[in-house]
Amino acid sequence: MDHLPHDPAILVSAINMQLRDEEFNSLAELCYAFGTDPATVEHYLEGHGYIYNKVQKQFKER
C-alpha cells in the first residue's frame, strides 16, 4: 500500500471518495491503479473495523 494512505480513517475516506466520484468503477480497479491488491486493502481495513460493501461500493464501520 505504498501509494495509498496508511492511516485507516484517511484510507477509507480516500477510497470512498474516489469510488463515489466515479474516478474508478470498482475497488479492484482503484487498487490496481495504485499498485495494491484489493484483498490486502480489504483485510487491512477489516482489521481496523471497516467492511467493504460491494453493492454500495464503499467501506463502512462494522
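As a reminder, the structure under discussion sits directly above these lines.
What counts as what
- Residues numbered from 1 in each chain as written.
- Predicted model: local features only at pLDDT ≥ 70, side-chain atom pairs only at ≥ 80, totals over all residues.
- Heavy atoms only, no water.
- Phe/Tyr/Trp six-rings, centres within 6.5 Å; stacked < 30°, edge-to-face > 60°.
- Buried < 20%, exposed > 50% of the residue type's maximum accessible area, 1.4 Å probe, protein only.
- Core = buried A, V, L, I, M, F, W, Y, C linked by side-chain atoms within 4.5 Å.
- Helix = DSSP H or I, 4+ residues; strand = E, 2+ residues; numbered from the N terminus.
- Contact = heavy atoms within 4.5 Å.
- Axes fitted to C-alpha atoms, helices over the stretch in contact; angles between N-to-C directions.
- Parallel < 35°, antiparallel > 145°, perpendicular 65-115°, else oblique.
- Left-handed = near helix turned anticlockwise from the far one by under 90°.
- Nonpolar A, V, L, I, M, F, W, Y, C, P; charged D, E, K, R; others polar.

Draft legend 1. Quick look at the packing of aromatic side chains. Across all of its chains, the model carries 2 aromatic pairs by this definition. Here the aromatic rings of Tyr52 and Phe59 are separated by 4.9 Å at their centres, their planes lie at 55°, and the arrangement is tilted. Like Tyr52, the residue Phe59 is buried in the burial classification.

Draft legend 2. Layout of the nonpolar core. With 14 residues, the main nonpolar core has Ile15, Leu19, Leu27, Val41, Leu45 and Phe59 as its most contacted residues. When residues of this core are traced back to their parent elements, those giving at least two are α1 (8-20), α2 (27-33), α3 (38-46) and β1 (50-53). Counting residues per element, this core draws most heavily on α1, which supplies 4 residues. Setting aside anything within four residues of it in sequence, one finds Phe59 in contact with Val12, Ile15, Asn16, Leu27, Val41, Glu42, Leu45, Tyr50, Ile51 and Tyr52.

Draft legend 3. Quick look at unusual backbone geometry. The residue Glu22 is not glycine, and still its phi comes out positive at about 60°. Residue position: Glu22 is located in the loop between α1 and α2. For Glu22, a relative accessible area of 64% corresponds to the exposed category. Positive phi, normally seen in glycine, also occurs at Lys57, with a value near 55°.

Draft legend 4. Geometry of the packing of α1 against α3. Relative orientation of the contacting elements α1 and α3 amounts to 135°, with a least axis distance of 10 Å. Here α3 runs oblique to α1, going by the angle between their axes. As for how α1 packs across α3, the hand of that crossing is left-handed. On the side of α1, the interface is formed by Pro8, Leu11, Val12 and Ile15, while α3 contributes Val41, Tyr44 and Leu45. Broken down by class, the residue content of the contact of α1 with α3 amounts to 7 nonpolar, no polar and no charged.

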